[in-house]
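# Analysis of the macromolecular model
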Amino acid sequence: MIRRGCILKLLLLALNVVLLMSNSYSQGDEKEYIVYMGDRLKDVSSTASLYLSMLRNVISSNVAPDSVLYSYRRSFSGFVVRLTEEQARNLAEIGGVVSVFPNKKYSLQTTRSWDFLGFPEQVRRATMENDIIIGVLDTGIWPGSDSFSDAGLGPPPSKWKGSCQSSANFTCNNKIIGAKYYRVVGPVKSPEDVLSPLDTEGHGTHVASTAAGRSVASASLYGLGSGTARGGVPSARIAVYKICWSDGCYGADILAAFDNAIADGVDIISLSVGNFFINDFYEDPIAIGAFYAMKNNVLTSNSGGNNGPSAGSITSVAPWLLSVAASTIDRKFLTKVQLANGNLYEVIDIHTYIYICTHLTPTNLMAICTLRYCRIGTLDPNLVQGKIVVCDTLTNGNGPFSAGAKGAIMHYDFFLKDVAFSFPLPVSYLDDDKGIDILRYINSSRNASASIFKSMEVNDTVAPYVVSFSSRGPNLLTPGILKPDLSAPGVDILAGWTMAASITGVPGDNRFSPFNIISGTSMACPHASAAAAYIKSFNPTWSPAAIKSALMTTATPMKAPTNSSAAEFAYGTGNINPLKAVNPGLVYDANQTDYVKFLCGQGYNKITLRIMTGDDSTCSNATNGTVWDLNYPSFTLPTASVSTPIDQIFTRTVTNVGDPTSTYRSVVSAPAGLSIQVVPEALSFNSLGQKLSFNVTVGGSISRSMVSASLVWDDGVHQVRSPIVVYVVASS
């Protein structure tokens, strides 16, 4: 999710993380470690004594039973414990332990969107939609929202094996059929945090209602975005796993939620959480949990991250999960700022206040220069009370708000022009050129004043395009796999909100609303999760890879000029199209064996492979595959330079899920200098479920750092489209 001036937060947080990484722990310092032990133990009743015995071997003979902070036992095995670095190394050497790694912290990544995708409320639905369960791993949920009414819904499906952690402030129903919370690292650190599945932040409620919320008429944020709010699969059930708190989302809790969600019987996992830095698969709780989900026929949909537009910023890169970028819809919010001299500025912004008009106070004219940045405690209330403050940077607005300002105008050279933020007071943020214009006006007038008007909705005729904050490829961990996989609406999304927090979460902001408008790949992810659930409701036996393939090969190609330089590294195969995805014609299927071959080809050994699979899989000549042969719905080829000759063969297999008797012909589009040959050029099927293989040979050379081509299999009814991306990989 992107909101509350998070651009500055992202920059500062990235610096803080680097600084934290440089501060190594001394030998005596303890921190939480995840001790991962692979597949679920057959005798779970003895796990407690087994774990204590292992700890006594590396710590001391008098280890207390409560030393184990959490045990994983339903879908895989392991536990969480506080250790020194030396103890962690020693524990990793004990038989039965697959890996030991630190409990790292991850971060959250938020009416009109479904209609914009061509997916109306009256779309054809399968009766089985009532039996689809989406597991939402997030900040919890607000059960009192109308989005989660269970009117007309029967009891949970018989496959459901989960439970509800009810309390005085939380109960489940036939819509929210299960709810748990996880807090392995100790007591919560903020009075805003509640030890229950109750959402006191808003993010989880927004995500859940986007994916599976019931239809709610006349929904809006103080009149903005007015319409019917609904999820993509409004009859599906929701299982809630609260893993995020005011201090972040920890890997131990994420793994615990995966462990339970898989065993509980969810069909799709929606996870709008990610990291700032890329980790190898065997060190990434999300990649490990998603692998186990895949083994149990559950697709994980994951937000791509909010670290764009830098190249290589995407961190959700495991090929067995669905990585989702954030795209715009055809609605944006603008705010007008008018100076008393008549100058008028229109900026992308969200504020709900009707209208303000007052004097301007430039903080750069105050006595202390640090006041220019409008931090909390740096503004003199006597100078800014009841006035519009001009700030020389973009902040979350807390400084002017707490000092009693009536509004703020912020200007900043690192300026996102394609996403609106919410603030606790009327705020407009401009680029530096416009900000300088306003400062010149203030310096030329003794009674400078301005008006900030309430935000208004306008049509964005260029949409869809990927928003600037959405993390980009290429995939730095596995350059031969295209990431993100696809894009979905993630900008200015109206959806349900908690009534336990204001719309900004800023203390003193008294605007509470059952709906809120926020942005982020966090908001794109549940759109893709719902689309996956929609496909699953019609095709209950399809594997996670088949569902993912259907979404990717039917996505709408994106050609907006704002994404011309990043192209597929911004949007993957394109923008989701749920209606087409339910009947894709052909799918690129894959299973655990295929991913094991892929990992072996990436240099995994017996130890690192077991971390991922949890079993006794080994790498050999028979299982050593290349990234080019992983049955992925896209084709990606890194090369050393624009002058390097290219000659690469990809092998793929497609499964017929369309018409029993059909012939697909290949249609190739390629730029000058790049040759693409498909053998055979046509695929003739005689039955459903039939599999046929083909080779794609990419040759020639490229004239710039990245070029895009495509392969479409066309039978006259279905167009199964795969991008082919060739790019120069950075030497670093």
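What counts, and where the lines are drawn
Residues numbered from 1 in each chain as written. Predicted model: local features only at pLDDT ≥ 70, side-chain atom pairs only at ≥ 80, totals over all residues. Heavy atoms only, no water. Helix = DSSP H or I, 4+ residues; strand = E, 2+ residues; numbered from the N terminus. Buried < 20%, exposed > 50% of the residue type's maximum accessible area, 1.4 Å probe, protein only. Areas by Shrake-Rupley, 256 points an atom, 1.4 Å probe, with all protein chains shown as cover. Pairing = 2+ DSSP bridges. Axes fitted to C-alpha atoms, helices over the stretch in contact; angles between N-to-C directions. Contact = heavy atoms within 4.5 Å. Core = buried A, V, L, I, M, F, W, Y, C linked by side-chain atoms within 4.5 Å. Salt bridge = Lys/Arg side-chain N within 4 Å of Asp/Glu carboxyl O. Phe/Tyr/Trp six-rings, centres within 6.5 Å; stacked < 30°, edge-to-face > 60°. Lys NZ or Arg CZ within 6 Å of the ring centre and 35° of its normal. pLDDT = per-residue confidence, 0-100. Disulfide = S-S within 2.5 Å.

Turning our eyes to something else, we now look at the overall build of the protein. A tally of helices and strands in the protein yields 16 helices and 36 strands. The C-alpha extent of the protein, read off along each of the three principal axes, is 80 × 70 × 60 Å. Looking at the protein as a whole, 59% of its 732 residues qualify as buried. For the protein, the accessible surface area stands at approximately 26700 Å², while carbon and sulfur atoms represent 52% of it.

We now examine the sheet that holds strand β4 (residues 99-102). On the basis of which strands lie adjacent, the open sheet formed by four strands has the order β2-β3-β1-β4 and antiparallel pairing. The open sheet is flanked by β2 (68-72) and β4, the only strands paired with a single partner. The average undirected angle you get between the axes of adjacent strands in this sheet is 20 degrees. By the bridge criterion, four bridges tie strand β1 (residues 31-39) to β4 in an arrangement that is antiparallel. The residue of β4 that forms the bridge with Val35 is Val100. Docked against the sheet, helix α3 (residues 85-92) engages β1, β3 (76-83) and β4, running at close to 155 degrees with respect to β3. Helix α6 (residues 251-264) rests against β1, β2, β3 and β4 of the sheet, and its axis sits at about 35 degrees to β2.

The subject of this paragraph is the nonpolar core. Among the nonpolar cores identified, the biggest contains 145 residues, and Phe281 and Trp320 are the most heavily contacted of them. With nine residues, helix α11 (residues 521-538) is the largest single contributor of residues to this core. The next biggest cluster of nonpolar side chains, apart from the first, holds 24 residues, and it includes Val678, Phe694, Val698 and Val720.

Structurally, Ser549 is set in helix α12 (residues 544-553). Given the relative accessible area of 0%, Ser549 is considered buried. Excluding residues within four positions of it along the chain, Ser549 makes contact with Leu586, Val587, Tyr588 and Pro633.

With parallel pairing, seven strands are arranged side by side in an open sheet as β7-β10-β6-β13-β15-β16-β25. Only two strands of the sheet have a single partner each, and these edge strands are β7 (176-181) and β25 (486-489). When the angles between neighbouring strand axes are averaged without regard to direction, this sheet yields 25 degrees. Pairing geometry for β7 and strand β10 (residues 237-242), over five bridges, is parallel. Across the sheet, residue Tyr181 finds its bridge partner in β10, namely Lys242. Most of the contacts of α11 go to strand β16 (residues 322-327), to which it runs at about 125 degrees, and overall it touches β6 (133-138), β13 (268-271), β15 (299-303), β16 and β25.

On to the pattern of salt bridges. Tallying each qualifying case throughout the model produces 14 salt bridges. Of the charged contacts, one joins Arg125 and Glu129 as a salt bridge, the two residues approaching to 3.0 Å between their closest N and O atoms. By relative accessible area, Glu129 is classed as buried at 2%. For Lys159, the salt bridge is made with Asp267, and the minimal N-O distance between the two is 2.6 Å. Placement of the pair is Lys159 in the loop between β6 and β7 and Asp267 in the loop between α6 and β13, with a sequence separation of 108 residues. Taking the relative accessible area as the measure of exposure, Lys159 reaches 27% and is therefore partly exposed. You can call Asp267 buried: its relative accessible area is 9%. A single salt-bridge network, built from bridges that share partners, covers Glu30, Glu32 and Arg82.

A separate point is the pairing of strand β36 (residues 719-728). Of all ten residues making up β36, eight are buried, and the element is well covered by its neighbours. Both strand β29 (residues 635-639) and β36 contribute to a ladder of five bridges, which runs parallel. Counterpart to Thr639 in the pairing with β36 is Val728. Alignment of strand β35 (residues 706-714) against β36, held across nine bridges, turns out to be antiparallel. The partner of Ser708 across the bridge, within β36, is Val725. The antiparallel pairing of β35 with β36 creates a hairpin that spans four residues between the two strands, and Gly716 there sits at a positive phi of about 95 degrees.

Let us now look at the packing of aromatic side chains. Under the criterion given, the structure shown has 24 aromatic pairs. Feature note: the residues Tyr36, Tyr70, Tyr72, Phe76, Tyr182 and Tyr292 constitute an aromatic cluster, connected by ring pairs. For the cation-ring pair, Arg652 lies above Phe635, with the distance from its terminal atom to the ring centre recorded as 4.4 Å.

Our next topic: the confidence of the model for the protein. For the protein, per-residue confidence averages 88 on the pLDDT scale, and 91% of positions sit at 70 or higher. This stretch, residues 3-27, has a pLDDT under 50; its non-local contacts, to residues over four places away or in other chains, come to 43 contacts. Low pLDDT, under 50, characterises residues 364-370; the stretch is placed with ten contacts to residues that sit more than four places away or in other chains.

Okay, the pairing of strand β27 (residues 515-518) next. Each regular strand carries side chains that alternate between the two faces of the sheet. On β27, burial covers both faces: Phe515 and Ile517 on one face and Asn516 and Ile518 on the other are all buried. Examined bridge by bridge, strand β26 (residues 493-496) and β27 share four bridges and lie antiparallel to one another. Residue pairing for β27: Leu494 is matched across the bridge by Ile517.

On to the state of the cysteines. Counting across every chain of the model gives four disulfides. Across the disulfide from Cys164 sits Cys172; the S-S distance is 2.0 Å. Looking along the S-S bond of the Cys164-Cys172 disulfide, the torsion reads about 90 degrees, which is the right-handed sense. Given the relative accessible area of 25%, Cys164 is considered partly exposed. Assessed through its relative accessible area of 23%, Cys172 is described here as partly exposed. The residue that forms a disulfide with Cys600 is Cys619, at a sulfur-sulfur distance of 2.0 Å. Here the S-S torsion is close to -90 degrees, and the disulfide linking Cys600 with Cys619 is therefore left-handed. Taken together, the residues span a long stretch of sequence, with Cys600 in helix α15 (residues 592-601) and Cys619 in the loop between α16 (606-613) and β29 at a distance of 19 residues. Classification of Cys600 as buried rests on a relative accessible area of 6%. What links to what in the protein: the bonded cysteines, counted in sequence order, pair as 1-2, 3-4, 5-6, 7-8. A disulfide-free cysteine, Cys525 has its sulfur positioned 12 Å from the sulfur of Cys244, the nearest such atom.

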